[in-house]
Amino acid sequence: MTPERWQQVKQIFQSAIERPPAERAGFISKACADDPQLRSEVESLISSSDQAGDSIQAIAAEAATETLADRSNGFHRRQADRALRGA
Amino acid sequence: MPLVYDELHRLASRYLRRERADHTLQTTALVHEAYLKLVDQSDANLRNRVQFFSAAANVMRHVLVDYARRRKASKRGRDHPRLTLDRAVISSEESDVDLLDLNEALNKLASIDAQQGRVVELRVFGGCMVEETAEALGISPRTVKREWSMAKAWLHRQLNNK
């Protein structure tokens, strides 16, 4: 996807998502009237947004639980400390 | 700050001794608690706080990704068959794959939209709230919310269309 295209999708998605759900379809149809590909991309993201919930945070939280609970994982303390000091 | 890693470790162990099933453990809680323990609140101004979360987000991400990679490798490796078996029983392989997939998807997102990538890193791995993310990135809370909602949708689609 070109940067221009991404910006187009972003602008319509973000405007659509701030509208009440009942108004979204109409808004997207109008905003993408002459561009079915754009419309389908935005609709796909809206549908994914409805399903996403906390799935992304859940993946990280689960991984954090497992990683940090493993006492044998003595690694990257230096890496972590260096990164924090450099901040 | 050098104590942050030990502190995160300790907190995680404590959380795990509680009801495992309630899944209240969040990176948010971990990072925030570590921060409160490590930084003298009377000295901490917002700028330090924001810097801490920003750095912690990046460190947390690398820590988790590195661990998932190494564990995946150890499961596949032939050098330690006994360890491989033990670990396979203890943990689900799926979660490792998920985190590595998320990391890859997030790299891809950041290459398309650097700001969205950064918002996700702070929110997901730094446990930052909307306002903290806004402060760290020098953008408005409204922009954070907008970027976050699109990034979540994009990542979710990416991870579920493999």
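Since the structure is predicted, the reported quantities are computational estimates derived from the model, not experimental observations.

*Asks:* I'd like to hear about the overall build of chain B, residue by residue, with values.
*Replies:* From N to C terminus, chain B includes 8 helices and 0 strands. Listing the helices and strands of chain B from first to last along the sequence gives α-α-α-α-α-α-α-α. Within chain B, the fraction of its 162 residues that count as buried is 49%. Taking as baseline every contact in chain B between residues at least 6 positions apart, the subset at least 24 positions apart corresponds to 62%. As displayed, chain B has an accessible area near 8400 Å², and 49% of this comes from carbon and sulfur atoms.

*Asks:* Could you give an account of the overall build of chain A, with specific residues and numbers?
*Replies:* The helix and strand tally for chain A stands at 5 helices and 0 strands. Taken from N to C terminus, the helices and strands of chain A fall in the order α-α-α-α-α. Relative to its full complement of 87 residues, chain A shows a buried share of 45%. Here the analysis covers contacts within chain A between residues at least 6 apart in sequence; of these, 51% occur between residues at least 24 apart. Accessible area for chain A stands at about 4800 Å²; split by element, carbon and sulfur atoms hold 49% of it.

*Asks:* Go over the packing of helix 3 (residues 36–52) of chain A against helix 8 (residues 141–160) of chain B, please, and point to the residues and values.
*Replies:* Relative to each other, helix 3 of chain A and helix 8 of chain B sit at 90 degrees, their axes nearing to 8 Å. When the interaxial angle is binned, helix 3 of chain A and helix 8 of chain B end up roughly perpendicular. Seen from helix 3 of chain A, the contacting residues are E41(A), S44(A), L45(A), S48(A), S49(A), Q51(A) and A52(A); seen from helix 8 of chain B, they are M150(B), K152(B), A153(B), W154(B), H156(B) and R157(B). Across the contact of helix 3 of chain A with helix 8 of chain B, the residue classes tally to 5 nonpolar, 5 polar and 3 charged.

*Asks:* Describe the environment of E43(A), and please don't skip the residues or the numbers.
*Replies:* Residues and elements named next belong to chain A. Counting through the fold element by element, E43 comes out in helix 3. A relative accessible area of 33% places E43 in the partly exposed class. Along the chain, E43 and I17 lie 26 residues apart, while their C-alpha atoms are 10 Å from each other.

*Asks:* Can you explain the pattern of salt bridges? Please cite residues and give values.
*Replies:* For the structure on display, the rule yields 10 salt bridges over all chains. R5(A) is the partner of D35(A) in a salt bridge, and the nearest nitrogen-oxygen pair spans 2.8 Å. Residue D35(A) is found in the loop between helix 2 (21–31) and helix 3, and its partner R5(A) is found in helix 1 (residues 3–17); the two are separated by 30 residues along the sequence. D35(A) gets classed as buried once you look at its relative accessible area, which sits at 17%. Put simply, E41(A) and R157(B) hold a salt bridge, and the shortest N to O gap is 2.9 Å. Here E41(A) is found in helix 3, whereas its partner R157(B) is found in helix 8 on a different chain. Salt bridges here are not isolated pairs; linked through shared partners, they connect K10(A), D113(B) and E147(B).

*Asks:* Can you break down the packing of aromatic side chains residue by residue, with the values?
*Replies:* Throughout the structure, instances matching the rule amount to 1 aromatic pair over all chains. Geometrically, the ring pair formed by W6(A) and W154(B) is edge-to-face, given 6.3 Å between the ring centres and 80 degrees between the ring planes. Remark: W154(B) occurs in helix 8 and W6(A) occurs in helix 1; the pair is interchain, linking two chains. Here the two residues W6(A) and W154(B) agree in accessibility, since each one is buried. Just above the ring of F27(A) sits the side chain of R19(A); from NZ or CZ to the centre is 3.9 Å. Looking at R123(B), its charged tip hangs above the ring of W148(B), at a distance of 4.8 Å from the centre.

*Asks:* Summarise the environment of S40(A); cite the residues concerned and give the values.
*Replies:* All names here are of chain A. Relative to the helices and strands, S40 resides in helix 3. Residue S40 is classed as partly exposed on the basis of its relative accessible area, which comes to 42%. Taking the C-alpha atoms as reference, S40 lies 9.7 Å from S29; in sequence the two are 11 residues apart.

What counts, and where the lines are drawn
- Residues numbered from 1 in each chain as written.
- Chains lettered and ligands numbered in written order.
- Predicted model: local features only at pLDDT ≥ 70, side-chain atom pairs only at ≥ 80, totals over all residues.
- Heavy atoms only, no water.
- Helix = DSSP H or I, 4+ residues; strand = E, 2+ residues; numbered from the N terminus.
- Buried < 20%, exposed > 50% of the residue type's maximum accessible area, 1.4 Å probe, protein only.
- Contact = heavy atoms within 4.5 Å.
- Areas by Shrake-Rupley, 256 points an atom, 1.4 Å probe, with all protein chains shown as cover.
- Axes fitted to C-alpha atoms, helices over the stretch in contact; angles between N-to-C directions.
- Parallel < 35°, antiparallel > 145°, perpendicular 65-115°, else oblique.
- Nonpolar A, V, L, I, M, F, W, Y, C, P; charged D, E, K, R; others polar.
- Salt bridge = Lys/Arg side-chain N within 4 Å of Asp/Glu carboxyl O.
- Phe/Tyr/Trp six-rings, centres within 6.5 Å; stacked < 30°, edge-to-face > 60°.
- Lys NZ or Arg CZ within 6 Å of the ring centre and 35° of its normal.

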